[in-house]
Amino acid sequence: MFISPQHARAFRLIFLLALTFSFALPARAQTPPVWDSAQQMRDLAFQAQSELYAAARASDPAANYQTAASLLDDAAKIYATNLQPAYKKSAPDADALILDSLTRARTAALTGDSSALAAARGRLWTALLQGSQTLTLSTLQAGDAASAAEWLKLREYRSATRVNTVDDPSAQALADVEQNQLSAESAAEIIANDLRDSYFFRLRDALTQIEDAIEKDFATRAAEWSGQAAGYFSILQSDMTEKLGADETAALSEAFAALESAALSKDWATAQTQANFIHAALANYQPVELTSAEIAKRGQLLYLFTDLIYVEYKNGVRDGKITVAIEYQEATTFHAQALSVFEELRPIIAQADPNATIRLETIFGELDTAIRNYSDPQVVKTLVDEALGIIESTLKVSANSSDTSASFTILDTLLNEMLTAVRDGRYTDAESTRIEAYAIYESGPEQRLAHRAPLLSRELEGLFWEGTEGQKGLSTLIADQAPAEEIAATLNQLNVKLNEAEDFLSVGMSGLLAVINSMVIILREGLEAVLILGAILGYMSATNSPRKFSLWVYGGAAAAIALSVLTWWAAQSLITVTVAQREVIEGVASLLAVVVLFYVTNWLFEKVYVADWIAFVKEKVGKALNTGSALTLAGLGFTVVFREGFETVLFYQALAFDAQASSIWLGFIIGIVIIFIVAYAILKLSKRLPLKPFFTVTGLLLMLLAFNFTGAGIRGLQEAGLVSAHLLAWIPENLILMELFGVYPTLETTLAQILFLLLLIATFSYSLWRKKQKSAVITQPKGVS
């Protein structure tokens, strides 16, 4: 856009006056942080853009135009006061770009040109980033690591496709410099590589956004991203000149200018042509030279992410419709990740086979179309299989999504993507990605950790959800929309624990340990059910109930075991049962068991403490149970067994990754023997103990288990994302409390258990009141009314 000399001179005069005025003011007690000043400028420019949107609907837009220009004047004053002295001295190129962008923005505001303002906003932000990068490196090389750290806070991050990028290599390098563990020169190289990598990713993303805007005819959006793309190119231009040559870089510079001009004039054909040219020209550019180990790692990621596109898509789409939204979202996530890694590896793949590079690019485009159109999963599978073959042949790599290392790689990627969403202010997207990450964790590593390292497993669960040891977890922080720095700190702690878990699981398991773990699984998951079944059968035995009632209980338990195995098989072969759905099944089954247990405990209390005990004993033979109550007890047996059965199968499936089948079977058999001994002892005691003490003990046991199931059921619904989780730091995180009593350090589980106790006390009190009323009527003298 042409800017008159009068406009340019007037605007520069504003800067000079603002700068002079700033020197005349008393010194401030504290200078605002660099990143804060830059963000204020960005926000003011956005507000100016909003004024132009409002002007389009106003009958007299002049006031909106003037307000927009005033907002940009405020941005100019912030720059002149807080940033320009440093930029003008140490980053003059960025300073000139900022002044030019502000001038263009103000001119666009006064003329009501929304597209021109959007393009200027994109250039303004990237010019601020460019200056920050220059000042970070120059202050570091001057020996001022503290100032470098402050300037580094004004930066953008890439969406991660590498393991542990959340560790922030730039920040770590500066920390090492301050501790004299790294030289300033080495740290500068690390930071420069990290920033180039981030901004090249952002450049590619900007081009993608431009093409999307062109397709949808979004003029303002296309203009903004074209200005931003030109800005990212400016940041990388000197490195591109060194690696691609002066002529090719100059051609790229002309292409970015032509792209912005075409976007401003809505010449979509020219804009697309320029975008295609830029894509092709950037194909051979690598912002960071990769080592052979890094190439191998990225190659494995490319293979893995591509493979996971189909794995998730087939579970999320059926008959042209989304059937499981989170699975479909994961498919789109892994497609984006695969495409991003492919762009990084494109030059390396092209060296091995130029035609393979072209074909892979086409495949990823066809996959994008297929996913958007909810195509048949077989179409996606065919494309994915072809892509995997090309990746394997050109990069000599492969990966398996069921491997432990693969699970942790996926976790790292999703958690980094979550943090990027938080930094961009997209908290809803961050929460969706967190749930995706937790699903990967729970379906793989968690099942293997649960019995081998239960304390570590609990710490990880807490960090994913409400928190641990008084520290808020990711779920709570995202729900509270906490600052990115706070969420990053928790994420770093989670990564430490995940690394610890990965190291632990990579060691393997001895035969003896496998036997013990197998035994513990069946005891932990089966003992609760056996205690309840034993109590039911013991009661039936003690009251000489008809044998058919006992057979009903056995039948209910057998049906639950069969349904557990059938559900597991169907989930593997026929239907999709996500981690969240599994948690819902377990949570609902637990709460149903609570309802039945509540009824049974009240029924027992009525028989033992309210009804005429002598009459009850005399009538116990064949009359203590009727058909309805017998079916209730049989239903209870089914519910508690099914509650544990499906999860038990999954735990043994996970154990099979670490241990020999012979060790697993041995531990299982030992556990089953112990369970049968416990059941036999309960049945024997039911015949030897006096009835009233036996029923009292049975009732207390059932109440305890109902209390446990209440907490466990709500916890399952929390892990399914259906119930919120708020940390109660004063409740200890104790595995014994969790396993035996279902006590979790969350507000929701605690309230549910308190409500259960209050209901139990209320119903028992009512029963005792009825007994007193009945006794009063019986003992009342005849003739007294």
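A. Looking closely at the overall build of the protein chain. Per the secondary structure count, the protein chain includes 31 helices and 4 strands. Within the protein chain, the proportion of its 785 residues that are buried is 52%. Relative to all contacts within the protein chain whose residues are 6 or more apart in sequence, the contacts with residues 24 or more apart total 78%. As presented, the protein chain carries roughly 35,200 Å² of accessible surface, and 59% of it is formed by carbon and sulfur atoms.

B. Structural view of the pattern of salt bridges. As enumerated under the stated definition, the model contains 28 salt bridges in all. As a salt-bridge pair, D73 and R106 come within 2.7 Å of each other at their nearest N and O atoms. You can see D73 sitting in helix 3 (residues 62–90) and its partner R106 sitting in helix 4 (residues 92–111), a full 33 residues away along the chain. Taking the shortest distance from any N to any O, the salt bridge between D429 and R426 comes out at 3.0 Å. Residue class for R426 comes out partly exposed when judged on its relative accessible area of 36%.

C. Quick peek at unusual backbone geometry. For N180, which is not glycine, the phi torsion reads 60° and is therefore positive. Note that N180 resides in the loop between helix 7 (169–178) and helix 8 (184–216). With a relative accessible area of 72%, N180 lands in the exposed category.

D. Region of the structure containing the nonpolar core. Membership of the largest hydrophobic core comes to 80 residues, with the highest contact counts inside it found for Y87, L128 and L140. With 14 residues, the single largest contributor to this core is helix 8. Those residues in contact with L128, other than ones at most four positions away along the chain, are A38, M41, Y79, L83, Y87, I98 and L154. Grouped together as the second largest cluster of nonpolar side chains are 70 residues, V317, F364, I440 and I487 included.

E. Looking closely at the packing of aromatic side chains. Applying the stated rule across the entire model yields 16 aromatic pairs. Ring centres 5.3 Å apart and planes at 70° place the aromatic pair Y438 and F464 in the edge-to-face group. Here Y438, found in helix 17 (residues 427–443), pairs with F464, found in helix 19 (residues 454–464); they are 26 residues apart in sequence, far enough to count as distant. With respect to burial, Y438 and F464 carry one shared label: buried. An aromatic cluster of three or more residues is present, and its members are Y438, Y441, F464 and W465. Directly above the ring of W125 sits R42, whose terminal nitrogen or CZ lies 4.1 Å from the centroid. R155 extends its terminal NZ or CZ atom over the ring of Y157, reaching a point 4.0 Å from the ring centre.

F. Structural view of the packing of helix 5 (residues 114–141) against helix 9 (residues 219–244). For the pair helix 5 and helix 9, interaxial distance at closest approach is 7 Å and the crossing angle is 25°. Taken together, the axes of helix 5 and helix 9 are roughly parallel relative to one another. Classified by chirality, the crossing of helix 9 by helix 5 is right-handed. Mapping the contact onto sequence places S114, S115, A118, A119, R121, G122, R123, W125, T126, L129, Q130 and Q133 in helix 5 and A219, T220, A223, E224, G227, Q228, A230, G231, Y232, S234 and I235 in helix 9. Looking at the contact of helix 5 with helix 9 residue by residue, the classes come out as 9 nonpolar, 11 polar and 3 charged.

G. Representation of the side chain of T750 in the model. Assignment of secondary structure puts T750 in helix 31 (residues 747–779). T750 has contacts with L728, I731 and Y744, leaving out every residue within four places of it along the chain.

H. How the structure looks around helix 5. Counted at 1.5 Å a residue, the expected span for helix 5 with its 28 residues is 40 Å, and the 41 Å between its end C-alpha atoms agrees. The first or second residue beyond helix 5 is G143, which carries a positive phi of 90°.

I. Geometry of a nonpolar patch on the surface. On the surface, L512, L513, I516 and V520 cluster together into a nonpolar patch covering about 330 Å² of accessible area. Along the chain, L513 falls in helix 22 (residues 511–542).

J. How the structure looks around the confidence of the model for the protein chain. For the protein chain, mean pLDDT is 81; residues scoring 70 or higher make up 79% of the total. Note on residues 160–167: pLDDT is under 50 here. Beyond four places in sequence and across chains, it has 29 contacts.

K. Fine view of helix 14 (residues 354–372). Taking 1.5 Å per residue as the helical rise, helix 14 with its 19 residues ought to reach 27 Å, and the 28 Å between its terminal C-alpha atoms agrees with that figure. Within the sequence span of helix 14, burial applies to A356, T357, L360, I363, F364, L367, A370 and I371. An end-on view of helix 14 places all buried positions within 145° of arc, on one side of the element. Exposed side of helix 14, more than 90 degrees from the buried face: P354, N355, I358 and R372 are the residues found there. Capping of helix 14 at its N-terminal end is provided by D353; its side-chain oxygen lies 3.1 Å from the backbone amide nitrogen of N355. Just downstream of helix 14, Y374 is the residue with a positive phi angle, here 55°.

L. Here's a closer look at the packing of helix 3 against helix 4. For the pair helix 3 and helix 4, interaxial distance at closest approach is 10 Å and the crossing angle is 175°. In this view, helix 3 runs roughly antiparallel relative to helix 4, as classed from their interaxial angle. Residue classes in the contact of helix 3 with helix 4 are distributed as 16 nonpolar, 4 polar and 5 charged.

M. A look at the environment of G112. For G112, the position within the fold is in the loop between helix 4 and helix 5. Taking the C-alpha atoms as reference points, G112 and Y65, 47 residues apart in sequence, are found 6.1 Å from one another. Among all residues touching G112, those that are not within four sequence positions of it are L52 and Y65.

N. Region of the structure containing the environment of E466. Looking at where E466 falls in the secondary structure, it is placed in the loop between helix 19 and strand 3 (467–468). Distance from E466 to T746, taken between C-alpha atoms, is 7.2 Å for residues 280 residues apart in sequence. Not counting residues within four places of it along the chain, the set of residues in contact with E466 comprises R458, Q471, K472, G473, T476, R715, A725, H726, L727, P745 and T746. For E466, the side chain forms a polar contact with the side chain of R715, separated by 2.8 Å.

O. Layout of the environment of K89. As for its position among the elements, K89 is in helix 3. Along the primary structure K89 and L135 are separated by 46 residues, whereas in three dimensions their C-alpha atoms are 9.7 Å apart.

The rules behind these values
- Residues numbered from 1 in each chain as written.
- Predicted model: local features only at pLDDT ≥ 70, side-chain atom pairs only at ≥ 80, totals over all residues.
- Heavy atoms only, no water.
- Helix = DSSP H or I, 4+ residues; strand = E, 2+ residues; numbered from the N terminus.
- Buried < 20%, exposed > 50% of the residue type's maximum accessible area, 1.4 Å probe, protein only.
- Contact = heavy atoms within 4.5 Å.
- Areas by Shrake-Rupley, 256 points an atom, 1.4 Å probe, with all protein chains shown as cover.
- Salt bridge = Lys/Arg side-chain N within 4 Å of Asp/Glu carboxyl O.
- Core = buried A, V, L, I, M, F, W, Y, C linked by side-chain atoms within 4.5 Å.
- Phe/Tyr/Trp six-rings, centres within 6.5 Å; stacked < 30°, edge-to-face > 60°.
- Lys NZ or Arg CZ within 6 Å of the ring centre and 35° of its normal.
- Axes fitted to C-alpha atoms, helices over the stretch in contact; angles between N-to-C directions.
- Parallel < 35°, antiparallel > 145°, perpendicular 65-115°, else oblique.
- Left-handed = near helix turned anticlockwise from the far one by under 90°.
- Nonpolar A, V, L, I, M, F, W, Y, C, P; charged D, E, K, R; others polar.
- Expected span 1.5 Å × (residues − 1).
- Patch = residues over 30% accessible without salt bridge, like charges linked within 9 Å, V, L, I, M, F, W, Y side chains within 5 Å.
- pLDDT = per-residue confidence, 0-100.
- Arc of directions from axis to C-beta.
- Polar contact = N/O pair within 3.5 Å; in protein donor to acceptor, adjacent residues only side chain to side chain.

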